[in-house]
Amino acid sequence: MTEVSTTDVAVIGAGPAGLMAAEVLAQGGARVIVYDAMPSAGRKFLMAGRGGLNLTHSERLPAFLARYGATMPRLAEAIAQFPPDMLRDWSEMLGQPTFIGSSGRVFPRSFKASPLLRAWLRRLDQAGVQFAMRHRWTGWDGDGRLLLDTPEGQRAIAAKATVLALGGASWPRLGSDGAWAGTLAGKGIDVAPLRPANCGFVVAWSDVFRNRFAGYPLKSVALAFGGQTVRGEAMVTRGGIEGGAIYALSAPLRDAVVANGTATLNIALRPDIDAAELIAKLSVPRGKQSLSTFLRKTVHLSPVGIGLLQEAALASGTTLAALSSASLAGLINAVPIVLSGIAPIARAISSAGGIAFDELDADYMIVKLPGVFAAGEMLDWEAPTGGYLLQASFATGAASGRGVLKWLECRSS
């Protein structure tokens, strides 16, 4: 038998977007219950902070907003209402002051997610927000009530309004499995297919290279694709390549692989040395040195960098030793890497796709489902790493909370 209960607002999803919506709602006087399928709140948020919680970025707002690409006009108002400086103030009010790192990224001084999450959950509890964990949302019943599967059986929740903040489809073991997409599509909602974002790619390395260099970083390199160049680091994996610089180009690379089956990424191993200087250095007689030793000492290439050159030469049917100084110099700063696939969405940092913005009104309500709002990674946007993902999740969560308060006020007047 289905248990039935009521609340003012049901928030489905206890990640950053859902918790921020709950905070705004509680501050506005609403009775809020947060439901989540996992045993505890903020599982993916904690994972994001494992290597240092990058809350947001310090760059000026116009440049910041440009990071959202084509969806920038859709997100601009929400982020302007809850911009990076406000997020930093919010964190400090929770006892977690922030600092700006050398890259412009913003972190809590503790560098961790757990102290911030604990303080946040305490404040939500003090504000009267209730939590119901191990409650998996499955849709609605014939009377429009939310249906949730729980360890005690099915529950039906009659809510005056609902905020859906179930995340995308990356790291499903932490709760965001994308199962909601089919439920909403069944209601006639336009949901763009969920795709990996900020993800790695598949490369058909030779066995020799894979066994020797899997797990090795490529440091201070420049990656180029489709007219874009990104400096940073990448990591060779057994199945391909990943890392911050790869993630920054992952959207166009992903789309190219989907469209064409492959994409060729060019890696500059010594981007600060121009072609003429490289040629001059490589033209010096190497004497009895092996070519690898010569490249390591003369142009300071790492072993994995030299391995990449050897992979590229092998793929082109030649050897490094057979190349002229000019050809070798050109290869060093444009090593072609053929990407033949996309790493699974379960391993991606985030996901693209989701509820089309045309399905929402200005207050983040799903027009075809009056009283149902959506926020966070459920929406069809993507952004690079660097604080942009969390910032938009917080901002759209706050926007949906404001939208619900406005909706409830209109319904009661």
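Up top is the structure these notes are about.
Since the model is a prediction, treat every value here as computed from it, not as a measurement.

Thresholds applied
Counting starts from 1 at the beginning of each chain's written sequence and moves along it residue by residue. A pLDDT threshold of at least 70 governs which residues receive local features in this predicted model, and a stricter bar of 80 or more applies before side-chain atom pairs are shown or counted, although totals over entire chains, interfaces and linings include all residues. Side-chain descriptors were evaluated using all non-hydrogen atoms of the structure, hydrogens and water having been removed beforehand. In this text, buried Ala, Val, Leu, Ile, Met, Phe, Trp, Tyr and Cys residues form a nonpolar core when linked through side-chain atoms within 4.5 Å. The cut-offs for exposure are 20% and 50% of the maximum accessible area for each residue type, with area from a 1.4 Å probe on protein chains only; residues under the lower value are buried, those over the upper are exposed, and the others partly exposed. By definition, residues are in contact when any of their heavy atoms lie within 4.5 Å. Every case where a carboxyl oxygen of Asp or Glu lies within 4 Å of a side-chain nitrogen of Lys or Arg is listed as a salt bridge. Helix and strand assignments come from DSSP, with helices taken as H or I runs of at least 4 residues and strands as E runs of at least 2, each series counted from the N terminus. Two strands pair under a simple rule: DSSP has to find at least two bridges between them. The arc refers to the directions leading from the helix axis to the C-beta atoms. Polar contact is the term for a pair of N or O atoms within 3.5 Å; when the atoms are in protein, one must be able to donate a hydrogen and the other to accept it, and sequence-neighboring residues count only if both atoms are side-chain atoms. Two rings from Phe, Tyr or Trp (for Trp, the six-membered ring) form a pair when their centres sit within 6.5 Å of each other. Planes less than 30 degrees apart are called stacked, planes more than 60 degrees apart edge-to-face, and all others tilted.

Draft legend 1. Spatial organisation of the nonpolar core. Ranked by size, the top nonpolar core spans 79 residues in total, and within it L184, I355 and F394 carry the most contacts. In contact with L184, other than residues within four places in its own chain, are W137, W140, L164, I189, V191, I355, L369 and M378. The next biggest cluster of nonpolar side chains, apart from the first, holds 47 residues, and it includes V203, L282, L295 and I306.

Draft legend 2. Looking closely at the pattern of salt bridges. Overall, the coordinates contain 15 salt bridges when judged by the stated rule. Across the pair D255 and R254 runs a salt bridge whose closest N-O atoms are separated by 3.1 Å. The exposure class of R254 is buried, given its relative accessible area of 1%. Here E382 ties to R254 by a salt bridge, and the two come within 2.8 Å at their closest N and O atoms. With E382 in the loop between β19 (372-374) and α15 (388-412) and R254 in helix α10 (residues 250-260), this residue pair connects regions lying 128 residues apart in the sequence. Taken together, the salt bridges that share partners define one network made up of D141, D143 and R145.

Draft legend 3. Up close: the sheet that holds strand β5 (residues 105-108). An order of β3-β5-β4 is seen for the three strands of this open sheet, with the pairing classed as antiparallel. Two strands in the sheet have a free side with no partner beyond their single neighbour: β3 (56-57) and β4 (98-100). As paired strands, β3 and β5 are joined by two bridges and run antiparallel to one another. Its bridge partner lying in β5, T56 is registered against V106.

Draft legend 4. Examining the pairing of strand β16 (residues 335-339) more closely. Here β16 shows a buried face lined by V335, I337 and L339 and an unburied face lined by P336 and V338. Note: strand β15 (residues 263-268) against β16, five bridges, orientation antiparallel. Residue pairing for β16: T264 is matched across the bridge by V338.

Draft legend 5. Highlighting helix α5 (residues 84-93). Residues P84, L87, W90 and S91 constitute the buried set of α5. Projected down its long axis, α5 shows its buried positions confined to an angular sector of 115°, all on one face. Turned more than 90 degrees away from the buried face of α5, the exposed residues are D85 and M93. Positive backbone phi, approximately 85°, marks G95, located one or two places after α5.

Draft legend 6. How the structure looks around the side chain of T396. Secondary-structure assignment places T396 in helix α15. Within the local environment of T396, its side chain forms a polar contact with the backbone oxygen of A392, the two atoms lying 2.8 Å apart. Every residue in contact with T396, bar those within four places of it in the chain, is listed here: L75, A78, Y364, A375, G376 and L379.

Draft legend 7. Region of the structure containing the packing of aromatic side chains. Under the criterion given, the structure shown has 15 aromatic pairs. An angle of 85° between the planes, with centres 6.4 Å apart, marks the rings of Y68 and Y388 as edge-to-face. Placement of the pair is Y68 in the loop between α3 (61-66) and α4 (72-81) and Y388 in helix α15, with a sequence separation of 320 residues. Just as Y68 is buried, Y388 falls in that class too. An angle of 25° between the planes, with centres 5.7 Å apart, marks the rings of F99 and F107 as stacked. Owing to a relative accessible area of 11%, F107 belongs among the buried residues under this scheme. The structure contains a cluster of three or more aromatic residues connected by ring pairs, namely F45, W90, W120 and F394.

Interpretation note: all reported values are geometric properties and have no functional meaning in isolation.
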